[in-house]
Amino acid sequence: MPEDTVFGKIARGELPADIVYADDDLVAFRDLSPQAPTHVLVIPRKPIATLNDAGPEDAELIGRLFLAAAKIAQQEGFAEDGYRTVVNCNANGGQTVFHLHLHLLGGRPLHWPPG
Ligand code: AMP
């Protein structure tokens, strides 16, 4: 059940996290294993397991994940230099936590294409 993931527990305040943004629908917190000087995960409180499980009713919510990431990039001071947002989906995408999340990576040049 997506409710039972580590991110579900963080969203419900049952596990600690370094939270950088929260509102009624979203929570953003620093990744435990950062891949860039700033690596933040933005999640909906709603437990959607993967991007495949999002429906048309989630369109605004998913848009808000990106808008929150842009706001955090401003707060962290690298919006103008640039940054990357990533959603990993299922095995080939490298998804390990099955609660939809947007990675925000910034603070250094990022290589493309990724490995
Ligand atoms: P993904 O591989 O896209 O599913 O990303 C999962 C991310 O969650 C990884 O970058 C992990 O380092 C991160 N992560 C796992 N558990 C925690 C946690 N308790 N707090 C913060 N980040 C976590």
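Residues numbered from 1 in each chain as written. Predicted model: local features only at pLDDT ≥ 70, side-chain atom pairs only at ≥ 80, totals over all residues. Heavy atoms only, no water.

Engineer: Mind laying out the sheet that holds strand 4 (residues 83–86), listing which residues take part and the relevant values?
Structural biologist: Sheet architecture is open: five strands sit in the order 1-2-3-5-4, paired in antiparallel fashion. Each edge of the open sheet carries a strand with a single partner, namely strand 1 (19–22) and strand 4. Sheet twist, expressed as the average angle between the axes of neighbouring strands with direction ignored, equals 15°. Docked against the sheet, helix 2 (residues 59–76) engages strand 1, strand 2 (26–30), strand 3 (38–44), strand 4 and strand 5 (102–106), running at close to 150° with respect to strand 3. (Pairing = 2+ DSSP bridges. Helix = DSSP H or I, 4+ residues; strand = E, 2+ residues; numbered from the N terminus. Axes fitted to C-alpha atoms, helices over the stretch in contact; angles between N-to-C directions. Contact = heavy atoms within 4.5 Å.)

Engineer: Break down the site of the ligand for me, citing the residues and quoting the values.
Structural biologist: Close to the ligand lie 16 residues; Asp31, Asn88, Thr96, His101 and His103 are nearest. Separating a nitrogen atom of the ligand from a backbone N or O atom of leucine 32 is a distance of 3.2 Å. Histidine 103 places a polar side-chain atom, nitrogen or oxygen, 2.8 Å from an oxygen atom of the ligand. For the ligand, whose free accessible area comes to 500 Å², the fraction covered by protein is 81%. Looking at the shell around the ligand, the element that brings in the most residues is helix 1 (residues 6–11), giving three residues. A breakdown of the residues in the shell around the ligand according to their chemical character gives seven nonpolar, seven polar and two charged. (Near = heavy atom within 4 Å. Polar contact = N/O pair within 3.5 Å; in protein donor to acceptor, adjacent residues only side chain to side chain. Areas by Shrake-Rupley, 256 points an atom, 1.4 Å probe, with all protein chains shown as cover. Nonpolar A, V, L, I, M, F, W, Y, C, P; charged D, E, K, R; others polar.)

Engineer: Residues and numbers for the environment of valine 42, please.
Structural biologist: Of note, valine 42 is situated in strand 3. Accessibility expressed as a relative area gives 0% for valine 42, which makes it buried. Counting along the chain gives 26 residues from valine 42 to alanine 68, while the straight-line C-alpha distance between them is 7.5 Å. The residues contacting valine 42, other than those within four sequence positions of it, are Val27, Ala28, Leu65, Ala68, Ala69, Ile72, Leu100, His101 and Leu102. (Buried < 20%, exposed > 50% of the residue type's maximum accessible area, 1.4 Å probe, protein only.)

Engineer: Give a description of a nonpolar patch on the surface that names residues and reports values.
Structural biologist: A cluster of nonpolar side chains, namely Leu51, Phe66 and Val87, defines an oily patch on the protein surface of about 230 Å² accessible area. Relative to the elements of secondary structure, valine 87 occurs in the loop between strand 4 and helix 3 (90–93). Take valine 87: its relative accessible area is 31%, and that puts it in the partly exposed class. (Patch = residues over 30% accessible without salt bridge, like charges linked within 9 Å, V, L, I, M, F, W, Y side chains within 5 Å. Salt bridge = Lys/Arg side-chain N within 4 Å of Asp/Glu carboxyl O.)

Engineer: If you had to explain the packing of aromatic side chains to someone new, which residues and values would you point to?
Structural biologist: Within the structure shown, the criterion is met by two aromatic pairs. Ring centres of phenylalanine 7 and phenylalanine 29 lie 5.3 Å apart, and the angle between their planes is 70°; on these two criteria the pair is classed as edge-to-face. Of this pair, phenylalanine 7 sits in helix 1 while phenylalanine 29 sits in strand 2, placing them 22 residues apart in sequence. The pair formed by phenylalanine 7 and phenylalanine 29 is uniform in burial state, with each residue classed as buried. (Phe/Tyr/Trp six-rings, centres within 6.5 Å; stacked < 30°, edge-to-face > 60°.)

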